[in-house]
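So you can see what is in the structure, the chains are spelled out below.
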Amino acid sequence: MTDDKIHVYLMPGMAANPSIFRYIQLPEAQFELHTLHWFVPQKNMSLSEYALKMTEEIKHETPVLLGVSFGGMLVQEMARYVKTKKVIVVSSVKHESELPKRMQFAKYTKIHKLLPTGIVNNVELLAKYAFGETVTKRLALYEEYLSIRDKHYIDWSIDQIVNWKPGYCPDGMVHIHGEKDNVFPISNIKDCIPVKQGTHTMIIHRAKWFNEHLPTIILQ
């Protein structure tokens, strides 16, 4: 029996688990969704090496890869090793020039290595790093979304983001970005589909927009 469905693999952002995609629903007759999970990297593992390892989770030919935030950087790296139908990055960056100045500053000063990432069980602090939000009112919700609490993973992730130098741009890549993103301000972003009132966490809070527009974006 021929599998005519388009397989869409979803990669969450830093420290987040796939529950951030729980409200994403695409027509089941046409699309099948698959979620990817972060794993703790080996010592001195590059993002490219991590991406190659992650491709072992891709079980279908010519999939769509969709990544959020740091996951958006990762799926761009994965596309080096997997032939894709489309790569979609959400609330992310395509080039180091799109990183905010504070992250570019950290690259040269190494100040990010002084961040108190040992407090990884402090969900409020972790959410500030991962989502750029103060989450006091929704702490229980973010405790569910942010489940990767390994210090080595957090240190590695921040270092990879700050030092990322993409050397490959997947064909037909689509960038979706919120106009109110306070982690990666849209003023630094080129060539994107803007989402009005969209924040860095819009994959959760603006799921309706994605459900309405993703089918067309994927099929274009």
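Let me begin by describing the structure that accompanies this report. Fair warning: this is a prediction, and the values are worked out from it, not measured in the lab.

**What about the packing of aromatic side chains?**
- Under the criterion given, the structure shown has 8 aromatic pairs.
- Plain terms: the ring middles of Trp38 and Phe70 are 5.0 Å apart, the flat faces sit at 15° to each other, and that makes the pair stacked. Note that Trp38 is positioned in the loop between strand 2 (31-35) and helix 1 (47-54) and Phe70 in helix 2 (residues 70-78), a separation of 32 residues in sequence.
- The buried category is assigned to Trp38, whose relative accessible area is 8%.
- Counting every residue linked through ring pairs, the aromatic cluster contains Trp38, Phe39, Tyr50, Phe70, Tyr153 and Trp156.

**A word on the side chain of Ser91**
- Here Ser91 is to be found in the loop between strand 4 (86-90) and helix 3 (101-109).
- For Ser91, the side chain forms a polar contact with the main-chain oxygen of His200, separated by 3.5 Å.
- Those residues in contact with Ser91 that lie beyond four places of it in its chain are Ser69, Ile176, His177, Asp181, Phe184, Thr199, His200 and Met202.

**Some details on the sheet that holds strand 2**
- One open sheet holds the 6 strands; their spatial order is 2-1-3-4-5-6, and the pairing between them is parallel. Edge positions in the sheet fall to strand 2 and strand 6 (193-195), since each has one partner strand and no second. The sheet shows a mean angle of 20° between the axes of neighbouring strands, taken without regard to direction.
- In the sheet, strand 4 pairs with strand 5 (residues 174-178) via 3 bridges, with the strands oriented parallel. Note on strand 5: the bridge partner recorded for Val90 is Ile176.

Reading guide: rules and limits
Residues numbered from 1 in each chain as written. Predicted model: local features only at pLDDT ≥ 70, side-chain atom pairs only at ≥ 80, totals over all residues. Heavy atoms only, no water. Phe/Tyr/Trp six-rings, centres within 6.5 Å; stacked < 30°, edge-to-face > 60°. Helix = DSSP H or I, 4+ residues; strand = E, 2+ residues; numbered from the N terminus. Buried < 20%, exposed > 50% of the residue type's maximum accessible area, 1.4 Å probe, protein only. Polar contact = N/O pair within 3.5 Å; in protein donor to acceptor, adjacent residues only side chain to side chain. Contact = heavy atoms within 4.5 Å. Pairing = 2+ DSSP bridges. Axes fitted to C-alpha atoms, helices over the stretch in contact; angles between N-to-C directions.

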